[in-house]
Amino acid sequence: MRFIINVSLLKYVTLKFACFIFHFTCLNADIGGNQLRTLENGFWNVRVPFRMVGVEIGTHMSIIRLQNGRFLIIDTVAMNDELKHEFNQLTSNGSNIEAVVAVHPFHTLAYSAFHKLYPNVKYYGTPRHLRKISEIHWAGQLDADENKELLSKWAPEVELRIPDGAEYYNPRPEAINHFVSVFVYHSKSKTLHVDDTLIYIETSIWPINLLLQPGSLIFHPSLIIGLKPDAEAPLQFHKWMNQILKDWNIENLCTAHVGVKVGGAQSAIQKLVNDSEVLFQGISELHSRSRLFSFLVDKFSEPFGQIVEYLSAIIS
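Strand order in the open sheet made by the five strands is S10-S11-S12-S15-S16, with mixed pairing throughout. The two strands at the open ends of the sheet, each matched to only one other strand, are strand S10 (158–161) and strand S16 (260–262). Each strand axis lies, on average, 15 degrees off the axis of its neighbour in the sheet, ignoring direction. Relative to strand S12 (residues 191–194), strand S11 (residues 183–186) is paired through three bridges, and the arrangement is antiparallel. Its bridge partner being in S12, Val 184 is matched across the sheet by His 193. The sheet strands contacting helix H6 (residues 232–247) are S10 and S11, and the helix crosses S10 at an angle near 170 degrees. Packed onto the sheet, helix H7 (residues 265–275) meets S12, strand S15 (252–255) and S16 and runs at close to 65 degrees relative to S15.

Relative to strand S2 (residues 43–48), strand S1 (residues 35–38) runs antiparallel, the two sharing four bridges. Its bridge partner being in S2, Arg 37 is matched across the sheet by Asn 45. The loop that links S1 with its antiparallel partner S2 comprises four residues; one of these, Glu 40, has a positive phi angle of about 75 degrees.

Take the pattern of salt bridges next. Between side chains of opposite charge, pairing is possible as soon as their charged atoms come close. Scanning the model with the defined rule gives eight salt bridges in all. In this structure, the salt-bridge partner of Glu 202 is Arg 37, at a minimum N-O distance of 3.2 Å. You can see Glu 202 sitting in the loop between strand S13 (198–200) and strand S14 (217–219) and its partner Arg 37 sitting in strand S1, a full 165 residues away along the chain. For Glu 202, a relative accessible area of 29% puts it in the partly exposed group. You can call Arg 37 partly exposed: its relative accessible area is 22%.

Regarding H7, the residues found buried are Ala 265, Ile 269, Leu 272 and Val 273. Along the long axis of H7, the arc covered by the buried residues comes to 95 degrees, so they all point the same way. Exposed side chains of H7 directed beyond 90 degrees from the buried face belong to Ser 267 and Lys 271.

Formed by 52 residues in total, the largest nonpolar core has its most connected members in Leu 142, Phe 219 and Ile 269. The residues contacting Phe 219, other than those within four sequence positions of it, are Phe 179, Thr 197, Leu 198, Phe 237, Met 241, Leu 272, Val 273, Ser 276 and Phe 280. Core analysis: the next-biggest nonpolar cluster, separate from the first, contains 22 residues, Met 61, Phe 87, Ala 102 and Val 121 among them.

The next point concerns the packing of H6 against helix H8 (residues 277–289). Following both chains from N to C, one finds H6 and H8 inclined at 155 degrees, their axes separated by 7 Å at the closest point. Looking at the two axes, H6 sits roughly antiparallel to H8. Here H6 contributes Pro 234, Leu 235, Phe 237 and His 238 to the contact with H8, which in turn contributes Glu 277, Phe 280, Gln 281, Ile 283 and Ser 284. Counted by class, the contact of H6 with H8 contains five nonpolar, three polar and one charged residues.

Following Arg 172, the chain continues into Pro 173 via a peptide bond in cis, with omega recorded as -5 degrees. Along the chain, Pro 173 turns up in the loop between S10 and S11. Of note, the amide linkage connecting His 257 to Val 258 takes the cis form, showing an omega dihedral of 15 degrees. Topologically, Val 258 is positioned in the loop between S15 and S16. Here Glu 40, not a glycine, exhibits a phi torsion of approximately 75 degrees, which is positive. By relative accessible area, which is 53% here, Glu 40 ends up exposed. Not every positive phi belongs to a glycine, and Asn 41 is a case in point at roughly 55 degrees. When you line up the elements, Asn 41 lands in the loop between S1 and S2. Assessed through its relative accessible area of 43%, Asn 41 is described here as partly exposed.

Definitions and limits used
- Residues numbered from 1 in each chain as written.
- Predicted model: local features only at pLDDT ≥ 70, side-chain atom pairs only at ≥ 80, totals over all residues.
- Heavy atoms only, no water.
- Pairing = 2+ DSSP bridges.
- Helix = DSSP H or I, 4+ residues; strand = E, 2+ residues; numbered from the N terminus.
- Axes fitted to C-alpha atoms, helices over the stretch in contact; angles between N-to-C directions.
- Contact = heavy atoms within 4.5 Å.
- Salt bridge = Lys/Arg side-chain N within 4 Å of Asp/Glu carboxyl O.
- Buried < 20%, exposed > 50% of the residue type's maximum accessible area, 1.4 Å probe, protein only.
- Arc of directions from axis to C-beta.
- Core = buried A, V, L, I, M, F, W, Y, C linked by side-chain atoms within 4.5 Å.
- Parallel < 35°, antiparallel > 145°, perpendicular 65-115°, else oblique.
- Nonpolar A, V, L, I, M, F, W, Y, C, P; charged D, E, K, R; others polar.

Bear in mind that shape data such as this cannot, by itself, settle questions of function.
Take a look at the structure:
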């Protein structure tokens, strides 16, 4: 058992290193321009270009038509004229927008511009959105404590859940801990919108394709530091993932990076969760058996994040 755990951790560390290289490689991947993709039953996913230190990884926004005919916007993106025209036609120039919901603490770049286009809409965000984007008058904060009712505001049509065991309120270090995001499930289209927590490789991208081929589904490489630094957190997150798979019938998966899986998402996520069980057990055991491991994760991730920010500034 100990050997299996070590192999799983070694695989994860190898993958994390490859993804680290990916973030600092100035090569381009052809993901395409702005796209409004229809997933049927009132769900659209918008794909737009997004570069991370010169590398094209793409990002997304989702549009959900509620039963009342209005639209729920999940995340925002920078829109060119063509996309803006399509969006305005769909939402009657924004007058039929029910709300804009920001679900990833570090997906913040497009909100100010989007708010200027549609200033009379209600905006909801994570705690970091409320802290960092002060020009928006936020209608509410997504959290599982004081504002828990907000997560079910549009249920049962749309459900929002925050992962257990992960640091959501103040993820550190900011440069690399992008693991957690609010999961958004639309029941009519059976579609799950999730940002960095899950990554679906829709197209071949170098150097990721050295380890992962198109069709691969993984957890974000910052998983170890994204989980809270204690023995219970990995097990809590694994249990939470299994619970949403019981509660939700997920056919389609929209991830910010690097794409969309249409059909078969439930089995793909379940396989990832099953295959990762030994990894979560291994991380939990390391926390419980080694105070040094917990100390390293808690104390040295911040300096590493500062190094990443410094390298980003140089390469950019």
